[in-house]
Structure formats: structure tokens, C-alpha cells
Amino acid sequence: MKPTIRSIAQMAGVSRGTVSRVVNHQPNVNPKVRARVEKIIEQTGYRPVESTDSPLVTIGVLIPYWPDDYFIRQTQEGIRRAQRLLHPREVTVLVCQLKTRSDEECIRACEEFVQQGVQGIVFNSLDNYLLQAEIDSLIQRGIKVITYNSDLPSSSRLCHVGQDVLKSGRIAAGLMARSVRPHDQLLLVTGDLEFRTHRVRINGFIERLKELGFRDNSYRLVECNEDEQLTYNAVKDALHTMPNLRGIYMGTESVRGCVHALQGVTSPLAVVCNDLTPFARQQLRRGRIDFVIEQDFPSEVYEALLLLAQLLLYHRPIRRTLRHVNTSIVTPEAL
């Protein structure tokens, strides 16, 4: 069998990208690894094929609009991790970072990907019938779609990679219940309930609360669209109108607004939030946040990209339509 970059990589126990760097005399390869790869190349008689052909597969990645660029950076890191394993002669990754959360911009970006010749799209957006219809249309035209972070399960997408958000919400409620009692009042702050991630996470929190003996009138749910000012206002209002307020669950990223609203509050008040952003880490250390429910954010897009590349390049079937990344609990002591 004629040796290939792939077979050389398997024999050397390295990625195809590493073999490519050795073949093309590029830097950033460990000297021992370089020597091992070069020896295998010599033993097998491998000769690189000069080609100006286009890559075999082109994949588009949608990065949604996030007010906090921490999530954008985390997504970009996941894309870079995947690209280090994907050979550039085999896979090209096109990235579109959306500037708004409008359905129209998301659909327009998908159609531009199609015009650029993508065979697959890694998709993250709101969950509504317009975007479900867009995914269904892409699938009908032969474009493979995998979602990450926020799912559209009613669409024809092939697979979703993300946090088990129902479990995340249930974990948050269990942690909160260690600091409050069923007759206490809680404020639940979510982002946009059109995002399935936010909706299911809050559902998990409420579901677990009720199992623990909390009544429907023990909590107030507010939707703040990940806006810090709206969150600040909601927390301030709760402090004035909920006399037994003892806990706040931030099921959204506008944690800064919550912390600023609590400045000067001396009564004991538990705060549980999602995602270990730099700000959340800082406030956790200072004792203003009690727990953070963390997810492996880069792995969501990383795994989605690799699954799609393996499907398109090698026709490797996707056997599970739902894949969960790690969820962890972070306390001040863990830092």
C-alpha cells in the first residue's frame, strides 16, 4: 500500500499536521518527534505529492453574538484546537462571527457559506421555527449540520455537542438549597428563553427546586437578554420587593450587573452562576459568588468540527445524536 500522510501519522503516533510540518520543513516540531517521523518516511519511501487542488472538504462555523467576548475567545480556542488536527489540504474551516442575534443575519451567513462551497456547517443559534427551517433546508441540499452549545432538536441537524443543561440547572438548584430554606425567596435570572440552552437550564433549576420542597411562589423568574443594565435593575427591584430574598441564580452571562447591584448589601445572600468567566473567577475569590457551574466551552465546537470532518472525509457515521461535554462545580477553594 502506498504510504500517505495519514498512514505516516498513525505509525508515528502523531497528528497529520505534525507530519505535514516535518515534510514541509516547518518549525514547531519536537526534535525527537521530527526524527521519528523522518525515519518512518525514509523506511516507507513516502514522497509528498505536489498539488494545487482545493481541500477535499470545506466546513463553515457560526459564532453567535455574545456581549461578553470571553465566550467568543473560548469558541475560537476550540476551533484552533480542531484545526491543529485537521490537515489543511483536507479541510478548510471558514468562520463567521455574527454581529447580532437576528435570525436574518444567521440565515444570511449560512447562505453565504453555501455559496462558498461548504459541505457542512457547525451551527449555534436561537431555537425557533425560522432557524429550524433553515437547517432543514441545508440538510435537503446536502449540507451536513451539527449544532454546538445551543441545540435545535426539532430540526434535522445530525448531532448536538454541548453541556447537559438540564443537569446544569439541577446542580445549581441543589447547591442553592444548601444555603437557603424552602420558605426563602429566590431570584432566577435568565438570558433569552428563545435560546434552548437558557430555557432548559432554568427548567432544570425549577424542577429540582420543587423536588426539594420549594413552592411556585418562592421564586421570581426574569428574562434579561444577557444585558447588564437589565440584570442590575432586576436585582435592585428584587432587593426592594422580595423581603425574604436569600438567593440569586444567574442562569445567564450578565453576572457583572448582578454583582454591582449587590454592592452594599449586608444580609446573607447566596449567588450561584454559570461559566467561569474572568469576572466570575474574580468575584468567586472575593466571596461575592458562592458557586460557579462550569462547562468545557472550547470542547463543544472542537468536537463538533471533528465529528463533521470525519463524516465528510471518511464517511464515519455519527452514532449518537447528543454528546455532552464535562460539567464541573467551582468553589473559591478550587481556585
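Whatever comes next refers back to the structure up there.
Residues numbered from 1 in each chain as written. Predicted model: local features only at pLDDT ≥ 70, side-chain atom pairs only at ≥ 80, totals over all residues. Heavy atoms only, no water.

A. Examining the sheet that holds strand 10 (residues 291–295) more closely. Pairing is mixed in the open sheet, where six strands are placed in the order 7-6-8-9-10-12. Looking at which strands have only one partner, the edges of the open sheet turn out to be strand 7 (219–223) and strand 12 (327–330). Taking the axes of each pair of neighbouring strands and ignoring which way they run, one obtains an average angle of 15 degrees across the sheet. (Pairing = 2+ DSSP bridges. Helix = DSSP H or I, 4+ residues; strand = E, 2+ residues; numbered from the N terminus. Axes fitted to C-alpha atoms, helices over the stretch in contact; angles between N-to-C directions.)

B. Layout of the nonpolar core. Ranked by size, the top nonpolar core spans 32 residues in total, and within it I59, V61, V91, V122, I146 and L305 carry the most contacts. When contributions to this core are tallied by element, the ones reaching two or more residues are strand 1 (57–63), helix 4 (69–85), strand 2 (91–97), strand 4 (144–148), strand 5 (159–162) and helix 12 (297–314). Those residues in contact with V122, other than ones at most four positions away along the chain, are I59, G60, V61, L62, I146, Y148, V301, A304, L305 and L308. Among the nonpolar cores identified, the runner-up in size contains 26 residues, and I248, C258, V259 and V271 belong to it. (Core = buried A, V, L, I, M, F, W, Y, C linked by side-chain atoms within 4.5 Å. Buried < 20%, exposed > 50% of the residue type's maximum accessible area, 1.4 Å probe, protein only. Contact = heavy atoms within 4.5 Å.)

C. Molecular detail of the packing of helix 1 (residues 5–12) against helix 3 (residues 31–44). Packing of helix 1 against helix 3 leaves a shortest axis separation of 10 Å and a crossing angle of 125 degrees. One finds that helix 1 runs oblique with respect to helix 3. Like other packed secondary-structure pairs, helix 1 and helix 3 cross with a definite hand, here right-handed. In this structure, helix 1 uses I8, M11 and A12 to contact helix 3, whose residues at the interface are R36, V37, I40, I41 and T44. (Parallel < 35°, antiparallel > 145°, perpendicular 65-115°, else oblique. Left-handed = near helix turned anticlockwise from the far one by under 90°.)

D. Region of the structure containing the sheet that holds strand 5. Ordered in space as 2-1-3-4-5-11, the six strands form an open sheet in which the pairing is parallel. Both outer strands of the open sheet, strand 2 and strand 11 (322–324), are each paired with one neighbouring strand and no more. The mean angle between the axes of side-by-side strands here comes to 20 degrees, regardless of whether they run parallel or antiparallel. Bridge count between strand 1 and strand 3 (residues 120–123): three bridges; the pairing is parallel. Within strand 3, the position partnered with V61 by the bridge is V122.

E. Structural view of the pairing of strand 1. Along strand 1, seven of the seven residues are buried, which leaves the element largely enclosed by surrounding structure. Every second residue of strand 1 is oriented toward a common face, with V57, I59, V61 and I63 on one face and T58, G60 and L62 on the other, all of them buried. Two strands pair when backbone bridges link them, and strand 1 and strand 2 are joined in this way by seven bridges, in the parallel orientation. Bridge pairing links L62 to C96 in strand 2. Handedness of the crossover joining strand 1 and strand 2 through helix 4 is recorded here as right-handed. (Right-handed = clockwise from strand over helix to strand, strands pointing away.)

F. Expanded view of the environment of N233. With respect to the helices and strands, N233 occurs in helix 9 (residues 228–241). Judged by relative accessible area, N233 falls into the partly exposed class, the value being 39%. A sequence separation of 24 residues divides N233 from G257, and the C-alpha atoms of the two residues are 8.2 Å apart.

G. Representation of the pattern of salt bridges. Inspection of every chain in the model, using the stated rule, returns 14 salt bridges. A salt bridge links R141 to E111, with the nearest nitrogen and oxygen atoms 2.8 Å apart. With R141 in the loop between helix 6 (129–140) and strand 4 and E111 in helix 5 (residues 103–115), this residue pair connects regions lying 30 residues apart in the sequence. A relative accessible area of 42% places R141 in the partly exposed class. Residue classification places E111 among the partly exposed residues on the basis of a relative accessible area of 22%. Residues E228 and R256 are paired through a salt bridge, measuring 3.6 Å at the closest nitrogen-oxygen approach. With E228 in helix 9 and R256 in helix 10 (residues 255–261), the pair connects residues that are 28 residues apart, well separated along the chain. Among the residues examined, R256 registers a relative accessible area of 34% and is labelled partly exposed. Overlapping salt bridges bring together R170, E207, R208 and E211 as one network. (Salt bridge = Lys/Arg side-chain N within 4 Å of Asp/Glu carboxyl O.)

H. Structural context of the pairing of strand 9 (residues 270–274). Where burial is concerned, most of strand 9 is hidden: five out of the five residues are buried. Along strand 9, one buried face is formed by A270, V272 and N274 and the opposite face, lined by V271 and C273, is buried too. Bridge count between strand 8 (residues 245–250) and strand 9: four bridges; the pairing is parallel. Each bridged residue has a counterpart across the sheet, and for G247 the counterpart in strand 9 is A270. Note: strand 9 against strand 10, three bridges, orientation parallel. Looking at strand 10, one finds that V272 is bridged to F291. Assessed by its sense of winding, the connection that carries the chain from strand 9 through helix 11 (residues 278–286) to strand 10 is right-handed.

I. Main features of the environment of S179. Secondary-structure assignment places S179 in the loop between helix 7 (165–176) and strand 6 (185–190). Take S179: its relative accessible area is 45%, and that puts it in the partly exposed class.

J. Inspection of helix 6 at higher detail. With 12 residues, helix 6 should reach 16 Å at 1.5 Å per residue; the first-to-last C-alpha distance of 16 Å fits that figure. Here helix 6 has its buried residues at L131, Q132, E134, I135 and L138. Taken end-on, helix 6 shows its buried residues confined to a sector of 155 degrees, consistent with a single buried face. For helix 6, the exposed residues set more than 90 degrees away from the buried face come down to Y129 and Q140. Check the buried side of helix 6 and you find it contacts helix 5, strand 3 and strand 4. (Expected span 1.5 Å × (residues − 1). Arc of directions from axis to C-beta.)

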